[in-house]
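Architecture and fold: a report
Listed here are the chains, written in short residue letters.
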Amino acid sequence: MGSMRNASFYSNIPKTADNIVGTIYLLFGIFSLFGNIVLLYVSYQKRQLLRPAEYLIVNLAVSDLAMTLTLYPLAITSSFSHRWIYGRHICTFYAFCGVWFGICSLSTITLLSTVCCMKVCFPTYGNRFGHEHGRILIICAWAYAAIFALSPLAHWGEYGTEPYGTACCIDWHSSNVNRVARSYTIALFVFCFIIPCGVIITSYSLILVTVKTSQKAVEQHLAGPPKNNNVQIIIVKLSIAVCIGFFIAWSPYAAIALWAAFGSIDDIPPLVFAVPSVFAKSSTIYNPAIYLFLKPHFNNIVVRYFTVLQRYCLTSCLCLDDLHRCLLNSLFKLYHSSFKKGNKPICNSLESPEQGEKCKDTFECFKHYPKCCHEMLNAISYATPEEITKKDQKSENKNDKKAIRVIVVGQKQCDINDLEIILEVTPV
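Residue positions are given per chain, counted from 1 along the sequence in the order it is written. Given that this is a predicted model, residues contribute local features only at a pLDDT of at least 70 and side-chain atom pairs are listed and counted only at 80 or more, while totals for whole chains, interfaces and linings are drawn from all residues. Computation of side-chain values covers all heavy atoms of the structure but excludes hydrogens and water.

The next subject is the packing of helix α2 (residues 52-81) against helix α10 (residues 283-294). Packing of α2 against α10 leaves a shortest axis separation of 9 Å and a crossing angle of 150°. What the angle tells us is that α2 and α10 run roughly antiparallel. The chirality of how α2 crosses α10 is left-handed. Contacts between α2 and α10 involve I57, L60, D64, M67, T68 and Y72 from the former and S283, T284, N287, P288 and Y291 from the latter. Following the grouping adopted for this structure description, the nonpolar residues are Ala, Val, Leu, Ile, Met, Phe, Trp, Tyr, Cys and Pro, the charged ones are Asp, Glu, Lys and Arg, and the polar ones are all others, Gly among them. Looking at the contact of α2 with α10 residue by residue, the classes come out as six nonpolar, four polar and one charged. Axis lines are fitted through C-alpha atoms, for helices just across the contact stretch, and the angle between N-to-C directions can take any value from 0 to 180 degrees. Secondary structure follows DSSP: runs of H or I at least 4 residues long count as helices, runs of E at least 2 residues long count as strands, and numbering of each begins at the N terminus. Note on angle classes: values under 35 degrees are labelled roughly parallel, values over 145 roughly antiparallel, values of 65 to 115 roughly perpendicular, and the remainder oblique. Each helix crossing is assigned a hand: it is left-handed if the near helix lies turned anticlockwise from the far helix by less than a right angle, otherwise right-handed if that turn is clockwise. Residues are treated as being in contact if the distance between any of their heavy atoms lies within 4.5 Å.

Let us look at the pattern of salt bridges. By convention in these notes, a salt bridge is any Lys or Arg side-chain nitrogen within 4 Å of a carboxyl oxygen on Asp or Glu. Applying the stated rule across the entire model yields two salt bridges. One salt bridge in this structure joins K46 and E54, with 3.3 Å as the shortest N-O distance. Across this residue pair, the class does not change: K46 and E54 are buried. The partner of R135 in a salt bridge is E132, and the shortest N-O contact between them spans 3.2 Å. Pair noted here: R135 and E132 are both in helix α5 (residues 131-150), with a separation of three residues, about one helical turn. Only protein chains enter the accessibility calculation, which uses a 1.4 Å probe. A residue is then buried if its area is under 20% of the maximum for its type, exposed if over 50%, and partly exposed in between.

Here we come to the state of the cysteines. Here a disulfide denotes one covalent bond, and it connects the sulfur atoms of two cysteines. To count as a disulfide, a pair of cysteine sulfur atoms needs to be within 2.5 Å. Applying the stated rule across the entire model yields one disulfide. The disulfide bridge from C91 ends at C168, spanning 1.9 Å between sulfur atoms. Its torsion about the S-S bond being -120°, the disulfide of C91 and C168 is classed as left-handed. Of the two residues, C91 is situated in helix α3 (residues 87-121) and C168 in strand β2 (residues 168-170); the sequence distance between them amounts to 77 residues. Across this residue pair, the class does not change: C91 and C168 are buried. Its sulfur unpaired, C243 is 8.2 Å from the next cysteine sulfur, which belongs to C197.

What follows deals with unusual backbone geometry. At H82, a residue that is not glycine, the phi angle is positive and equals roughly 65°. Here H82 shows up in the loop between α2 and α3.

Considering the arrangement of structural elements, one finds N59 in helix α2. Sequence-distant contacts of N59, that is, excluding residues within four places in its chain, are made with C104, T108, I138 and W142.

The next subject is the nonpolar core. Ranked by size, the top nonpolar core spans 86 residues in total, and within it Y25, Y94, W172, W250 and Y291 carry the most contacts. A total of 15 residues in this core trace back to one element, the largest contributor, which is α3. Beyond its immediate chain neighbours, meaning those up to four positions away, Y291 contacts I57, L60, L112, L238, V242 and F298. Put simply, a nonpolar core is a bunch of buried Ala, Val, Leu, Ile, Met, Phe, Trp, Tyr and Cys residues held in one set by side-chain atoms that sit within 4.5 Å of each other.

Another aspect to go through is the packing of aromatic side chains. We call Phe, Tyr and Trp rings a pair once their centres come within 6.5 Å, taking the six-membered ring for Trp, and we label the pair stacked below 30 degrees between planes, edge-to-face above 60, and tilted otherwise. As enumerated under the stated definition, the model contains 13 aromatic pairs in all. Centroid distance W172 to Y253: 6.2 Å. Interplanar angle 35°. Geometry classified as tilted. Residue W172 is found in helix α6 (residues 172-177), and its partner Y253 is found in helix α8 (residues 230-262); the two are separated by 81 residues along the sequence. In this pair, the class of W172 matches that of Y253, namely buried.

In structure tokens form, the structure reads like this:
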């Protein structure tokens, strides 16, 4: 590959721009790692309740996390080094992972929009979507992405360094001069941007139309606006967020692909090529954020665990505050006893079992200081999160002076559990 010569491994943009790009990648990597791990953890916690369509959300988190772990460390270090520092073979590996995981995420979003459209707009067919169908679609997404990722290795298209020099992707120069490479770039533009974009827009447009139509029907039936339209609001927010995120992430790469195929690529400044890479990597952040904050099943678990974590952190901070006060108090008494004559040192009242003599000076007292603080810390009672929960339960039980009998009647239909709870108050 002519573009993979050693001279191309040096950055072609200012060092300040490289540092800015490296800092952006560093922030993206931190947030992406945290968001996708949280999304996978929440999915694991509700693994028994996962619906078939939510398998695609888990697959999206896996592909985004894989992109984070394989691309960000190489891109960050190369940006701060002002050149690609890993050689030709790692450059090919970097480009392969970027194309494979990126197209897999894009395909997963497209399939997810289609499944959601089937369930909302065509429930007769959508309700037949089962766990096996979800697994088959996940395999199809990875296979579809692998076709375009492996093609440059089979010499349909080429991998090379980006024109700005600190990352690797499709060789845009080859696409500009080579017919075979150009056909690969055009295929990417059509099958990995135009078609997915059309499917996503069509699916969410049908969803919004169906939601609007059902809302009008409910208003006519109730002779007024419905009091609870949270479901419709969530669907609208989710649809708009997915569409906007898709366009922000992949539109710059689509523009570069068109320019590389039909325009003069030498007229594009190298810094411009860094923009599509930054926007494409931003998808690893907003994908988990959309589903963690806008999907009720995931959001409820996040809020529950965040509340527990917040209570635990608060308890830990209170313990650290008590420790800090203990240290300040002991140091103050030690300082006061060393400069005021006639006063006993702080450790005199706590004689060790081996020696009953008193501290003679400040340094000897400081030798026994850890024992003093240990005694003071033992005198402080700390409340663990479990104890706080037990106390809350005891206080609630004390206030309850009536016995409540709860009868739960359940009926499972498809993926929805209908529960009827009857409360009967029986005097004690």
